[in-house]
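# A look at the structure
One-letter residues, chain by chain:
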Amino acid sequence: MATVIVITSGKGGVGKTTTSAAIGTGLAMRGCKTVIIDFDVGLRNLDLIMGCERRVVYDFINVIRKESNLNQSMIKDKRVDNLFILPASQTRDKDTLDIEGVERVITELSESFEYIICDSPAGIERGAFMAMYFADEAVVVTNPEVSSVRDSDRILGLLASKTSRAEQGREPVKEHLLLTRYEPSRVEKGEMLSVEDVQDILAIPLLGVIPESKDVLQASNAGNPVILDNESKAGQAYDDAVGRLLGEDRLHRFLEVEKKGFFHKLRLFRS
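Residues numbered from 1 in each chain as written. Predicted model: local features only at pLDDT ≥ 70, side-chain atom pairs only at ≥ 80, totals over all residues. Heavy atoms only, no water.

### Focus: the overall build of the protein chain
What counts, and what does not: Each helix is a run of H or I in the DSSP string that is no shorter than four residues. Each strand is a run of E no shorter than two, and both are numbered from the N terminus. It is over C-alpha atoms that the radius of gyration is taken, and the globule rule equals 2.2 Å times the number of residues to the power 0.38. Using a 1.4 Å probe on the protein chains alone, a residue whose accessible area is under 20% of its type maximum counts as buried, one over 50% counts as exposed, and one in between counts as partly exposed. Calculation of accessible area relied on Shrake-Rupley with a 1.4 Å probe; when residues are assessed, cover is drawn exclusively from the protein chains displayed. Under the counting rule used here, the positive set is Lys and Arg, the negative set is Asp and Glu, and His together with the chain ends is not counted. Where a charge lies is defined by one atom per residue type, namely NZ (Lys), CZ (Arg), CG (Asp) and CD (Glu).
Each helix and strand counted, the protein chain has 13 helices and eight strands in total. Against the globule reference of 18 Å for 271 residues, the protein chain gives a C-alpha radius of gyration of 19 Å, in line with a compact fold. Expressed as lengths along the three principal axes of its C-alpha atoms, the size of the protein chain is roughly 70 × 40 × 35 Å. Looking at the protein chain as a whole, 53% of its 271 residues qualify as buried. For the protein chain, the computed accessible surface area is about 13,100 Å², with 47% contributed by carbon and sulfur atoms. Of note, the protein chain has its 35 positive side-chain charges centred 5 Å away from the centre of its 42 negative side-chain charges.

Encoded structure:
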């Protein structure tokens, strides 16, 4: 039986799709058969970040409306075995999603996949509700700023009350916090919330802290999940997060301002 993980947030632009791509890829790299579903109907960005936009023929809505089957609609990643993408539609409305159709797709996927990653649109509209409804676990993505954290707190309320698990009185959705675009130097200056500040507000376990990095944008523009770049701090941080998701004990990195060594200071003095 598959584990269904929703990647969600209250605010747009915090890195949900980047996170969905990275976590899905990371799970597949560890041998777990994984599918990432794009729930952002009408926009569709996951296929761009995964570099498979030209291979989209059928999409998630086609499957829900029985205009195609999963084998026709899923795209197999060319870089990582065990990884598949189910893209969203660019031409349909979010109201096309219905609970019965989503349940049917997830049930069918559960028969052959270990992990189903649901890439949620931002906010609390229909697409976001559908993405979280059948979740077993949730990765709540937030930036270290007050408005982003406040919106994420509202999402936690929905996870506790508006999911299938909540309605059926089952064990709650397991929640994880992922803090993105973190810059310790700005935290020291008081321009950004600290990890501790965010944890105090949201009070859920910390899955990972992704440092601010130009590598994320470069990887997205190239259609490569940043986790594939093991030289990048962001890629390493996502790899750590995937390890923790699978129960590994990983120390959190990139939380402090990087101290410059003697030779770096010597080069600055000479220049």
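So that's the structure; there's more coming.
### Some points on the packing of helix 1 (residues 16-29) against helix 12 (residues 233-245)
Selection criterion: Helix axes use the C-alpha atoms of the stretch in contact, all axes being lines fitted to C-alpha atoms, and the angles between their N-to-C directions lie in the range 0 to 180 degrees. Note that the term roughly parallel is reserved for angles under 35 degrees, roughly antiparallel for angles over 145, roughly perpendicular for angles of 65 to 115, and oblique for everything else. The sense of a crossing depends on the near helix, which, turned anticlockwise from the far helix by less than a right angle, makes the crossing left-handed and, turned clockwise, makes it right-handed. Only heavy atoms matter for contacts: two residues are in contact if any of them lie within 4.5 Å across the pair. Each residue is assigned to one of three groups, with Ala, Val, Leu, Ile, Met, Phe, Trp, Tyr, Cys and Pro labelled nonpolar, Asp, Glu, Lys and Arg labelled charged, and all others, Gly among them, labelled polar.
For the pair helix 1 and helix 12, the least separation of the axes is 9 Å and the interaxial angle reads 60°. It follows that helix 1 is oblique to helix 12 by the angle criterion. Remark: the crossing between helix 1 and helix 12 carries right-handed chirality. Contact residues: helix 1 offers Thr18, Thr19, Ala22, Ile23, Gly26 and Leu27, while helix 12 offers Tyr238, Val242 and Leu245. Classifying every residue of the contact of helix 1 with helix 12 gives six nonpolar, three polar and no charged.

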